[in-house]
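A closer look at the structure
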Amino acid sequence: MDNKTEILNKRLHDEFNQCRNYVTLEKCVMSELLTPIEDFYRAISLIEQNEDIIEGLNLYYIAAYLCAEWMPNNLKFIDKLNNLLSSVNDKSKAVIYYLNAYKLAYTDDRKTSETYRNNLKKSIEYSKDFQFVNNRLDLAHVSSGEEAEKYKQEALKNVVSVFTEKELSNINDAEWLNIKLNSQSYINEFILGTHITSIVYEANFGK
């Protein structure tokens, strides 16, 4: 689907230029994250340049997530989210605290960083009423013994869907686009870790 993906990316940029709104922006940003494009810098730039039409927090979550690895000196998005902590619901708080920890994973020694651990614990505290895998799994990785196993098992219980290679290969183009061009789907897979492939599942939890 490589050529199709590149053609799609160009078409979505054209659509965005012709009709600049949140729906076309979201699809445009998400198309930048598809293989083989994976232009994370352009995705971040698109979000940064079009804040005036952004609805909700999903694209800000994705921007903060991408910046942690690809533009670690760009604190704009994580700072913006942190400034909202006192006014958002528990689910948003859980994601924001996790993104703070995720950023630290690229700058600090995770095993010795109390700030890293505390952010993960706060994320877990605020995610008691909905599924969130990665905060528990990451805390398991910097814990030991029974504590590590407890967090790992909690993470496992929060997995919602596991897609096998066969299932993925059977998805038609329309279904694939519906998933891949949706910001919530990206958040579910990469930030929450609730909807994952069998490869990721086996790497995290074994067969």
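Residues numbered from 1 in each chain as written. Predicted model: local features only at pLDDT ≥ 70, side-chain atom pairs only at ≥ 80, totals over all residues. Heavy atoms only, no water.

1. Comments concerning empty space enclosed by the protein
So the rule is basically this: Within this scheme a cavity is a closed region of a 1 Å grid, computed over the protein atoms alone, that accommodates a 1.4 Å probe without allowing it to escape, whereas a pocket is open but has protein on both sides within 12 Å along at least five of seven lines; lining residues each have an atom within 4 Å of a point. Grid points are joined across faces, edges and corners, and a volume is the space filled by probe spheres set on the points. The numbering of helices and of strands both runs from the N terminus, where a helix is a DSSP run of H or I of at least 4 residues and a strand a run of E of at least 2. Residues are grouped as follows: Ala, Val, Leu, Ile, Met, Phe, Trp, Tyr, Cys and Pro are nonpolar; Asp, Glu, Lys and Arg are charged; every other residue, Gly included, is polar.
Counted by the stated rule, this structure contains one cavity of 30 Å³ or more. By volume, the largest cavity amounts to about 50 Å³. What lines the largest cavity is simply Ala64, Cys67, Ala68, Met71, Pro72, Asn74, Leu75, Ile78, Leu99 and Lys103. Mapped by element, the contributors of at least two residues to the lining of the largest cavity are helix H4 (58–70) and helix H6 (90–104). Tallying contributions element by element places H4 first for the lining of the largest cavity, with three residues. Taken together, the residues that form the lining of the largest cavity break down as eight nonpolar, one polar and one charged.

2. Let's talk about the layout of surface pockets
The volume enclosed by the largest pocket comes to roughly 1200 Å³. If you trace the largest pocket, you find 42 residues lining it, with Lys180, Tyr186, Glu189, Phe190 and Thr197 closest to the centre. Going through the elements one at a time, helix H1 (2–18), H4, H6, helix H8 (134–141), helix H11 (173–180), helix H12 (183–192), strand E2 (195–197) and helix H13 (198–205) are the ones with two or more residues in the lining of the largest pocket. Considering every element that reaches the lining of the largest pocket, the biggest residue donor is H12, with five residues.

3. Side note on the state of the cysteines
Stated precisely, the cut-off is as follows: Cysteine sulfur atoms are paired as a disulfide whenever they come within 2.5 Å of each other. For every residue, the accessible area obtained with a 1.4 Å probe (protein chains only) is divided by the maximum for its type, and the residue is called buried under 20%, exposed over 50%, and partly exposed between those limits.
Counted under the stated rule, the structure contains zero disulfides. With no disulfide of its own, Cys19 lies closest to Cys28 among cysteine sulfurs, the gap being 12 Å. For Cys19, a relative accessible area of 39% translates into the label partly exposed. Looking at Cys67, it has no disulfide partner, and the nearest cysteine sulfur is the one in Cys28, 17 Å off. Taking relative accessible area as the criterion, Cys67 reaches 2% and is therefore assigned buried.

4. Focus: the packing of helix H9 (residues 145–157) against H13
This is how it is decided: Angles shown run from 0 to 180 degrees and are taken between the N-to-C directions of axes, each axis being a line fitted to C-alpha atoms and, for helices, limited to the stretch in contact. For classification purposes, an angle smaller than 35 degrees is called roughly parallel, one larger than 145 roughly antiparallel, one from 65 to 115 roughly perpendicular, and anything else oblique. Handedness of each helix crossing follows the sense of rotation of the near helix against the far helix: counterclockwise by less than a right angle gives left-handed, clockwise gives right-handed. It only takes one pair of heavy atoms within 4.5 Å for two residues to be counted as in contact.
Relative orientation of the contacting elements H9 and H13 amounts to 160°, with a least axis distance of 11 Å. In terms of their interaxial angle, H9 and H13 are classed as roughly antiparallel. The chirality of how H9 crosses H13 is left-handed. Here Lys152, Ala155 and Leu156 of H9 come into contact with H13, specifically with Tyr201, Asn204 and Phe205.

5. Let's talk about the pattern of salt bridges
Worth spelling out the cut-off: Any carboxyl oxygen of Asp or Glu that lies within 4 Å of a side-chain nitrogen of Lys or Arg is treated as forming a salt bridge with it.
In total, this model carries 10 salt bridges according to the counting rule given. Among the ionic pairs, Arg136 bridges to Glu154, the shortest N-O distance being 3.7 Å. Taken together, the positions of Arg136 in helix H8 and Glu154 in helix H9 put the pair 18 residues apart, joining distant regions of the chain. Salt bridges sharing partners connect three or more residues here, namely Glu51, Lys76 and Lys80.

6. Here we look at the side chain of Asn9
Where we set the bar: Pairs of N or O atoms are called polar contacts if they sit within 3.5 Å, as long as, within protein, a hydrogen donor faces a hydrogen acceptor (for residues adjacent in sequence, only side-chain-to-side-chain pairs).
Assignment of secondary structure puts Asn9 in helix H1. When its relative accessible area of 9% is taken as the criterion, Asn9 is described as buried. In this structure the side chain of Asn9 is engaged in a polar contact, spanning 2.9 Å, whose partner is the side chain of Glu32. Setting aside anything within four residues of it in sequence, one finds Asn9 in contact with Ser31, Glu32, Ile37 and Arg42.

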